[in-house]
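What the coordinates show
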Amino acid sequence: MVDAGSDPSTGKRKQLTRTFGTLREAKVEYARITNRRYEGTFIEPNEITVNEWLDQWLDRKAEDLEESTVYSYTMTLARVRGKLGHIRLQELTEDHVEAWMRWALGEGRVRGDKAGAGLGVTSVEMSLARLKEALNRAVARRLIAANVAQEVTIPRKARKAERSAKAVVQPWNVEEVHAFVRAVKDDRLYAPLLLSLMGLRPAEICGMR
């Protein structure tokens with residue numbers, strides 16, 4: 001049994017109990033915990049899973065973000081939860097995150113219970129970015145000692161393969177644009193279709209009155 005400091009919310013003393021097979025093992029762990037506590041690097045063990053922490057993190061982020069951004073974060077992290085969500089936050093490793101990243105690139109487009117084609121590099125990169133952000137906050141809250149996803153990056157070969165696989169789409173020329181405008185002139189969506197030719201994104205057009 002070792003003194004683990006005091007609870008910041010109650011001020012009460014906290015004690016950590018660990019069990020070992022030998023006295024020597026117990027003394028080594030006692031010294032390690034005591035040294036880290038005095039150095040300010042001791043992380044108290046907890047049972048929080050990755051999913052539970054992502055829920056807490058998103059709840060806090062929702063107070064400062066637009067509803068559409070929170071929805072985007074939720075969908076982006078949903079790609080991570082299926083493979084990593086059940087793991088205890090303190091047991092998550094770089095190997096876990098690396099394996100998830102390679103799975104997502106290879107067959108992450110899940111349909112029901114079946115894996116499909118791989119997700120695009122941008123989609124996987126966005127999920128990684130949100131996971132890294134959530135883990136950085138967990139480090140700041142002293143729930144984990146380090147961000148194990150920090151050095152996980154998309155392989156250059158995956159980026160190159162995706163670029164090679166994409167067909168080059170040529171933009172319309174003036175004659176093709178004129179033909180399109182004439183063809184949709186009587187359509188009820190003529191206005192948004194016309195705006196789509198002026199450099200506006202679909203979401204921007206849909207948001208207009």
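In what follows, the accompanying structure is described. (Residues numbered from 1 in each chain as written. Predicted model: local features only at pLDDT ≥ 70, side-chain atom pairs only at ≥ 80, totals over all residues. Heavy atoms only, no water.)

A tally of regular secondary structure across the protein gives nine helices and two strands. Seen in sequence order, the protein has helices and strands lined up from the N terminus as β-β-α-α-α-α-α-α-α-α-α. Burial status across the protein gives 26% buried among its 209 residues. As displayed, the protein offers around 14800 Å² of accessible surface, 52% of which is attributable to carbon and sulfur atoms. (Helix = DSSP H or I, 4+ residues; strand = E, 2+ residues; numbered from the N terminus. Buried < 20%, exposed > 50% of the residue type's maximum accessible area, 1.4 Å probe, protein only. Areas by Shrake-Rupley, 256 points an atom, 1.4 Å probe, with all protein chains shown as cover.)

Because the α-helix completes a turn every 3.6 residues, residues three or four places apart line up on one side. For helix 3 (residues 67-84), built from 18 residues, the straight-helix expectation of 26 Å at 1.5 Å per residue is met to within 8% by its first-to-last C-alpha distance of 25 Å. A78 marks where helix 3 bends most, by close to 35°. Contacts from the buried residues of helix 3 go to helix 2 (50-61), helix 4 (94-107) and helix 5 (121-140). (Expected span 1.5 Å × (residues − 1). Bend = angle between axes of the 7 residues up to and from the residue. Contact = heavy atoms within 4.5 Å.)

Right, let's get into the packing of aromatic side chains. Enumeration over the complete set of coordinates arrives at two aromatic pairs. Ring geometry for W57 versus Y73: centroids 6.0 Å apart, planes at 10°, classification stacked. One end of the pair, W57, is in helix 2; the other, Y73, is in helix 3, with 16 residues separating them in the sequence. Note on W57: relative accessible area 4%, which makes it buried. According to the relative accessible area criterion, Y73 is buried, its value standing at 13%. Seen in terms of ring centroids, W172 and F180 are 5.1 Å apart; in terms of plane orientation they differ by 45°. Their pairing is tilted. Given the relative accessible area of 46%, W172 is considered partly exposed. Taking relative accessible area as the criterion, F180 reaches 22% and is therefore assigned partly exposed. Just above the ring of Y73 sits the side chain of R130; from NZ or CZ to the centre is 4.5 Å. (Phe/Tyr/Trp six-rings, centres within 6.5 Å; stacked < 30°, edge-to-face > 60°. Lys NZ or Arg CZ within 6 Å of the ring centre and 35° of its normal.)

Relative to the helices and strands, T49 is located in the loop between helix 1 (23-39) and helix 2. Here T49 is in contact with G85, H86, I87, R88 and L89, once residues within four sequence places are set aside.

Counted under the stated rule, the structure contains eight salt bridges. A salt bridge links E47 to R88; the nearest nitrogen and oxygen atoms lie 3.5 Å apart. With E47 in the loop between helix 1 and helix 2 and R88 in the loop between helix 3 and helix 4, the pair connects residues that are 41 residues apart, well separated along the chain. Under the relative-accessibility criterion, E47 is labelled exposed at 61%. Taking the shortest distance from any N to any O, the salt bridge between R159 and E125 comes out at 2.3 Å. Of this pair, R159 sits in helix 6 (residues 156-165) while E125 sits in helix 5, and the two are 34 residues apart along the sequence. Given the relative accessible area of 27%, R159 is considered partly exposed. According to the relative accessible area criterion, E125 is partly exposed, its value standing at 34%. (Salt bridge = Lys/Arg side-chain N within 4 Å of Asp/Glu carboxyl O.)

The next thing to look at is the packing of helix 3 against helix 5. Axis separation between helix 3 and helix 5 bottoms out at 9 Å; the angle between their running directions is 85°. By the angle class used here, helix 3 and helix 5 are roughly perpendicular. The segment helix 3 lies against helix 5, with Y73, T76, L77, R79, V80 and L84 engaging S123, M126, S127, R130, L131 and E133. (Axes fitted to C-alpha atoms, helices over the stretch in contact; angles between N-to-C directions. Parallel < 35°, antiparallel > 145°, perpendicular 65-115°, else oblique.)

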